[in-house]
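Residue-level structure breakdown
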Amino acid sequence: MTAPLGLYVHWPFCARICPYCDFNVYLNRGADADAWSKALTNDIERWADRIERQPLTSIYFGGGTPALAPVSVVEDVVETAQRLFGLGGEPEITLEANPNDADEARFDALAKAGVNRLSLGVQSFDDRALRFLGRDHDAETARRAIDAGQAAFSMSTFDLIYGRPEQSLDDWRAELSEALSYDPEHLSLYQLTIEPGTAFASAVNAGRWAPADDDVQRRQYELAQDMTAAHGLEAYEISNHARPGAESRHNLIYWRYHDYIGVGPGAHGRLTIDGKRIATKAPDRPEAYLAGAEGETEALDEEAQLIERLSMGLRLKEGVALYADDYFYANEQRVFSLQRLLDEGFLRHDCGALRATTKGRAVLNRVLYELLG
Ligand SMILES: C[S@@+](CC[C@H](N)C(=O)[O-])C[C@H]1O[C@@H](n2cnc3c(N)ncnc32)[C@H](O)[C@@H]1O
Ligand code: SF4
């Protein structure tokens, strides 16, 4: 079976910049649809000339807030992808949206353009928490948006952020119950990360508030595992839960370390060209991207590939393939660390698959640090 190939499209604009976000985002000041269509489709054409073409299995419009992109841009990207690569069997075409963009006519137009999976940034069902997170929607808008998304697209998912200061275990239980009452086939539950350089990092550094206690966050993580599992949603990835068969095909490409093209400002890609694994990155600034500036490419050596492959693969419940002839075993210190992590119950290694146990997944960053240094 041929490995899948995905296309990631970054739309870098948002109606408002959230204080916790460190993605490549800029305040939306209106976008020239033709100029963006041209820049994105040119970029896709450039990659089509450089790699071996095969039908795409997924397209992912991420951001930023791609629901704010002119629908004609989404149409042009999907058409170009179809023309140059073809779209395999039932391609998964996802688009991220904020609850405020959940306009029925807009959703219908996006569905007509080919989008069949909506990823909605709900973040919380609590108005106070939404204000703390600097969101421009309230809980009622989020509820309506989930309904609209479920009606307009054949697949849909939404995101929540937990581990917020002042969020008790009971608060989180209530939010999870509400999330599950929508009977979602897919749910992303992200622990709040204080990213350097964000407004939240400045607030924490200035002592205005403190991040949630580690122990509370661990209990919230465990509660999420239990409640989603009881609802038939498997934790197939550390922050992602799905009914069997409803896993995000596009995101699985990242975690399984397969190839994907990245277009749009700051987008990353991983491609195999002439047998070499290449990391690609488009220019960050929208103006530079629109002007057609070349991005960066870097050939990844075995060491870099190992680190990426294991860091991604251990996020998955299925784990990552690791056989005796793997480059991993060339480093004695790593073999020693692996044995210790296996003995202490953080990792399991059977039938050629290395997996993080439930205990290991709860502290995955530490496990990866010990394993890979
Ligand atoms: C980059 S956003 C794009 C989607 C959309 N613009 C939105 O905000 O809903 C994707 C998701 O990443 C998550 N996210 C972003 N920054 C985060 C952080 N610092 N900690 C936890 N989750 C974060 C949010 O749940 C968000 O829905
Ligand atoms: S979290 Fe989403 S809406 Fe907020 S700034 Fe980041 S990408 Fe934009």
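Look up: the structure comes first, before these words.
A few points on the structure. No experiment lies behind these values; they were computed from the predicted model shown.

1. Concerning the overall build of the chain
If you tally the helices and strands in the chain, you get 14 helices and 17 strands. Computed over the C-alpha atoms, the radius of gyration of the chain is 21 Å, within 12% of the 21 Å expected from 2.2 N^0.38 for a compact globule of 373 residues. With the C-alpha coordinates of the chain rotated into their principal frame, the extents come out at 55 × 55 × 40 Å. Here the chain, with 373 residues, has 39% of them falling under the buried criterion.

2. Side note on the site of ligand 2
Taken together, Cys14, Ile17, Cys18, Cys21, Phe23, Val25, Gly63, Gly64, Thr65, Asn98 and Gly121 form the complete shell of residues around ligand 2. Its residues assigned to classes, the shell around ligand 2 comprises six nonpolar, five polar and no charged.

3. Some points on the site of ligand 1
Not every one of the 16 residues close to ligand 1 is listed here, only the nearest: Tyr20, Gly121, Asp159, Tyr190 and Thr193. Within the shell around ligand 1, the residues separate by chemical class into seven nonpolar, six polar and three charged.

4. Focus on the pairing of strand S8 (residues 186-191)
Two strands pair when backbone bridges link them, and strand S7 (residues 155-162) and S8 are joined in this way by five bridges, in the parallel orientation. Paired with Ile161 across the bridge in S8 is Tyr190. In terms of handedness, the path from S7 via helix H6 (residues 169-181) over to S8 forms a crossover that is right-handed. One ladder, built from three bridges, connects S8 with strand S10 (residues 240-242); its direction is antiparallel. Paired with Leu187 across the two strands is His241, which belongs to S10.

5. Observations regarding the packing of helix H12 (residues 332-343) against helix H14 (residues 364-372)
Two numbers describe how H12 lies on H14: the axes approach to 8 Å, and their chain directions differ by 145°. Contacts between H12 and H14 involve Arg334, Ser337, Leu338 and Leu341 from the former and Val367, Glu370 and Leu371 from the latter. Of the residues in the contact of H12 with H14, the class split is four nonpolar, one polar and two charged.

6. Things to note about H6
An ideal rise of 1.5 Å per residue puts 18 Å on 13 residues; H6 measures up with 18 Å between its terminal C-alpha atoms. What H6 keeps buried is the set Trp172, Glu175, Leu176 and Ala179. For H6, the angular spread of buried residues about the axis comes to 100°, placing them on one side. Residues Asp170, Ser177 and Ser181 are exposed on H6 and point more than 90 degrees away from its buried face. Looking at the packing, one finds that the buried side of H6 touches S7, S8 and helix H8 (214-230). Two residues or fewer after H6 comes Asp183, characterised by a positive phi angle close to 50°.

7. Things to note about the nonpolar core
With 68 residues, the main nonpolar core has Leu7, Val9, Leu40, Ile59, Val74 and Ala81 as its most contacted residues. For this core, the element with the most residues is helix H5 (residues 139-152), which contributes six residues. If we ignore the near neighbours within four places in the chain, the residues touching Leu7 are Leu56, Ile59, Ala81, Tyr260 and Ile261. Phe346, Leu347, Leu354 and Leu371 belong to the second largest nonpolar core, which has twelve residues in total.

Parameters and conventions
- Residues numbered from 1 in each chain as written.
- Chains lettered and ligands numbered in written order.
- Predicted model: local features only at pLDDT ≥ 70, side-chain atom pairs only at ≥ 80, totals over all residues.
- Helix = DSSP H or I, 4+ residues; strand = E, 2+ residues; numbered from the N terminus.
- Rg over C-alpha atoms; globule rule 2.2 N^0.38 Å.
- Buried ≥ 20, exposed ≤ 12 C-beta atoms within 10 Å, placed from the backbone.
- Near = placed C-beta within 6 Å.
- Nonpolar A, V, L, I, M, F, W, Y, C, P; charged D, E, K, R; others polar.
- Pairing = 2+ DSSP bridges.
- Right-handed = clockwise from strand over helix to strand, strands pointing away.
- Axes fitted to C-alpha atoms, helices over the stretch in contact; angles between N-to-C directions.
- Contact = placed C-beta atoms within 7 Å.
- Expected span 1.5 Å × (residues − 1).
- Arc of directions from axis to C-beta.
- Core = buried A, V, L, I, M, F, W, Y, C linked by C-beta atoms within 7 Å.

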